[in-house]
Structures are given as C-alpha cells and as structure tokens.
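These are the residues of each chain, in order.
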Amino acid sequence: MTPTLLPTSIVGSLPKPSWLAQPETLWSPWNLQGDALAEGRRDALRIAVHEQTNRGIDIVSDGEQTRQHFVTTFIEHLNGVDFEKRETVRIRDRYDASVPTVVGAVSREKPVFADDAKFLRQQTDQRIKWALPGPMTMIDTLYDGYYKSREKLAWEFAAVLNQEARDLEAAGVDIIQFDEPAFNVFFDEMKDWGIATLERAAEGLRAETAVHICYGYGITANNDWKATLGSEWRQYEESFPLLRQSTIDIVSLECHNSRVPMDLIELIRGKKVMLGAIDVANETIETPEEVADTLRKALKFVDSDKLIPSTNCGMAPFSRDVALGKLRALSAGTNIIREELTAARA
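It should be emphasised that the depicted structure is a prediction, and the values quoted were computed from it without experimental measurement.

Here's the deal with the overall build of the protein
Helix and strand counts for the protein stand at 10 helices and nine strands. For the protein, the C-alpha radius of gyration of 19 Å lies close to 20 Å, the compact-globule estimate for 346 residues. Oriented by its inertia axes, the alpha-carbon framework of the protein measures out at about 60 × 45 × 40 Å. By residue count, 57% of the 346 residues in the protein fall in the buried class. Put simply, 76% of the contacts in the protein that link residues at least 6 apart link residues at least 24 apart.

Right, dumping it as structure tokens:
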C-alpha cells in the first residue's frame, strides 16, 4: 500500500457529546454511571472515529472519549496513588490544582486502555494512534508523599507506561504518543532524566512512537502564561536537539498562530514531525489556505514524507461545531499542499 502523503491526525481530545459529559469543560464529570457509562463511552468513541474519517483525518484516534483527563484517568487505575488524599500543587509552574497523592509503590495490576484500543481498532481500517501521559508530565500532576524524588517517581512511571504501551501495541495501535508538555517548562530535569525516562516508556516497541510537546489547552492559565513568553517562543530549542538523537520516531509540536520560530523544526531534521496547523487557543476556524500556508512554511524544514499535519493540542474545551470545523479545515488545507506537491513532481 502506498503511504498517504501528508497523513493528517489530531493530537488528542475531541469534545464529548453533551449526553456523556458537560461540554466545553476539562475534567468534566460523567453524566452516566455503571453499564450506561461504559456503553456511552464506547458510543462516543465510535462517533469520534466517524467524525474524523468523514472529515478526512487519516490517522484516527479515540478523541479521548473514554477518559476524563489525559493524565489522571491513567493514574487512577494504578496502585500506590490515593485520590482521596489530596494536596494542592503548582501545575507546570502556571496554576494551582488539587491532585492525588502518591502513598506507596506505583504499579499496574492490569491494562488500563487496551480494551478501548481494541474497540477503536475494530472501528476503522485506517492507522490508529493512542496517547498516554509521559513520565515527567505524570509526576507534575501529583503530590509525591512516598518516593520524595521526582526522578525516581518518573522512572517508576516509565516502567508502568512501557507495560501499558506494549498492551496497546498488542491491541493493534500503530502509533503510541506520549504527552510531555512538561518538556517546555522543566528544562534541567528534561535534560538530566526526562528524555531518558521517555525512552524507557517507549522501550522495545514495534509500533511507531511519538512525543507531543505543546503550550497547553486553550484555557486562561495557559494563555496567560503564553503572554509572558515574549515575541519568540524558543522553548523547543532545549528539547529538539536531544529528541533528534533519541529513539522516539515522531515529534509533535505546536505551531499555527504561535510565536514558535518555524526554523526550530530544523533541529529535529530526520524525525517525523506532527505539526500543529490548527490553533486550539481560540474558536476561530482556520481557512484551508491558512492551514496550507503553515504547512508550506514547515516544508522548508521537514521533508514531505515526514510531515504529519495535526492540531496544536487537544480540542476538548471547544464546542463540537468548532472542533469539527477545524478538522475540516485541516483536511482541506492539507489537500491543497498535496496537490501542489503532486504537480511539482509531475
């Protein structure tokens, strides 16, 4: 089968149906319980697949329809973490949040997402991608009352993540993505052991691996932080040279409507690049030409056979109409560039 030129994908979340959870809200509580909740989450996952494929998305994900949050839903299935014992911590040096506490050795008794991944695999013949939190981002979403060491806890989480990733691979997942927004904040830790723990989480996988590093959901705390970063956002200069040398296959980054200098992509030359060509910080739906313009600029620094047009981050806080409109724009803008590349090669 000939590989799709510029295969499109999304980073993670899509809005949940209003009958499943409160719309346009992160950490939204479920509107259903018990067997009805299990059925509702599967129905929502099936709808997410349909909405992606109908709008030209090539690499399909679950849209995080079975998860309340991209980090804590995984953690709540692990031993050693007490969700009743909560502490307030500073998340990525931006905002305070009440989080669960690590009270003992962390471990995983059984797969967390494998059944949902198998269900996703049954819904489509296209390539599928599944996202997991990365080790550094996991430790930044907890209070550690047991290990008393961010590095030691990260290595423990990396081992658990590797178990989960292997089960996802066995379930038929083609790309396993680790979300590490913490890489844009904690540079010293990222260099000292963050990349290493990420590689441990991805160790031995045959599936392609990706790391997603962005500037966060389009929520007030993140947008306020971005306003302090100046005219150029150069955080990727810290991680990209290390990721270029790493075993990770794909680097996912925020780009469109950001102040990230496009030439920073040169720092990961040779890696596949999942490029954010859709802004998740405002509800304006991009035109296809705006998407195409972002992709044209990126192609100066990444070969066309390594470019995966995507979104900057998840779209859970959006209305469904806005999110689906942005998916349509992503696909249409990508088609413009596909036609240009095909014509240039003729």
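Topic: the sheet that holds strand S4 (residues 143-144)
Strand order in this open sheet of three strands is S1-S2-S4, and the pairing throughout is mixed. Each end of this open sheet is capped by a strand with a single partner; those strands are strand S1 (79-91) and S4. Where strand S2 (residues 95-107) lies against S4, two bridges are found, and the strand directions are parallel. From the neighbouring strand, threonine 101 faces S4, where its bridge partner is tyrosine 143. The strands touched by helix H5 (residues 150-170) are S2 and S4; relative to S2, the strand with the most contacts, the crossing angle is about 70°.

Some points on the state of the cysteines
The full count for this structure, using the stated rule, is zero disulfides. Note on cysteine 214: no disulfide assigned, nearest cysteine sulfur contributed by cysteine 313 at a separation of 3.5 Å. Judged by relative accessible area, which is 7%, cysteine 313 ranks as buried.

Topic: helix H1 (residues 34-54)
Look at H1: 31 Å from first C-alpha to last across 21 residues, which is about the 30 Å you get at 1.5 Å a residue. If you follow the buried residues of H1, they end up packed against helix H3 (114-123) and helix H10 (320-345). Looking at the residues trailing H1, positive phi occurs at glycine 56, about 80°.

A look at the pattern of salt bridges
Applying the stated criterion across every chain yields a total of 25 salt bridges. Measuring nitrogen to oxygen at the nearest pair gives 3.2 Å for the salt bridge that ties arginine 42 to aspartate 116. With arginine 42 in helix H1 and aspartate 116 in helix H3, the pair connects residues that are 74 residues apart, well separated along the chain. For arginine 42, a relative accessible area of 27% puts it in the partly exposed group. Its salt-bridge partner being arginine 320, residue glutamate 51 comes within 2.8 Å of it at the nearest N-O pair. You can see glutamate 51 sitting in helix H1 and its partner arginine 320 sitting in helix H10, a full 269 residues away along the chain. Looking at glutamate 51, the relative accessible area reads 12%, which means it is buried. If you follow the salt bridges from partner to partner, you end up with Arg108, Glu164 and Asp167 in one network.

Topic: the packing of aromatic side chains
Counted under the stated rule, the structure contains seven aromatic pairs. On the basis of an interplanar angle of 10° and a centroid distance of 4.6 Å, the ring pair of tyrosine 236 and phenylalanine 240 is categorised as stacked. A residue pair is termed a helical-turn pair when its members lie 3 or 4 positions apart in one helix, as tyrosine 236 and phenylalanine 240 do in helix H8 (residues 236-244) at four residues. This pair shows no difference in class: tyrosine 236 is buried, exactly as phenylalanine 240 is. Through pairs of rings, three or more aromatic residues link up here, namely Tyr215, Trp225, Trp233, Tyr236 and Phe240. Arginine 41 extends its terminal NZ or CZ atom over the ring of tryptophan 30, reaching a point 5.4 Å from the ring centre. Against the face of phenylalanine 186 rests arginine 150, its NZ or CZ located 4.9 Å from the ring centre.

Regarding the side chain of glutamate 164
Within the secondary structure, glutamate 164 is located in helix H5. A distance of 2.7 Å separates the side chain of glutamate 164 from the backbone nitrogen of phenylalanine 113, its partner in a polar contact. With residues near it in sequence (within four places) discarded, glutamate 164 still touches Phe74, Arg108, Pro111, Val112, Phe113, Ala114 and Leu132.

Cut-offs applied
Residues numbered from 1 in each chain as written. Predicted model: local features only at pLDDT ≥ 70, side-chain atom pairs only at ≥ 80, totals over all residues. Heavy atoms only, no water. Helix = DSSP H or I, 4+ residues; strand = E, 2+ residues; numbered from the N terminus. Rg over C-alpha atoms; globule rule 2.2 N^0.38 Å. Buried < 20%, exposed > 50% of the residue type's maximum accessible area, 1.4 Å probe, protein only. Contact = heavy atoms within 4.5 Å. Pairing = 2+ DSSP bridges. Axes fitted to C-alpha atoms, helices over the stretch in contact; angles between N-to-C directions. Disulfide = S-S within 2.5 Å. Expected span 1.5 Å × (residues − 1). Salt bridge = Lys/Arg side-chain N within 4 Å of Asp/Glu carboxyl O. Phe/Tyr/Trp six-rings, centres within 6.5 Å; stacked < 30°, edge-to-face > 60°. Lys NZ or Arg CZ within 6 Å of the ring centre and 35° of its normal. Polar contact = N/O pair within 3.5 Å; in protein donor to acceptor, adjacent residues only side chain to side chain.

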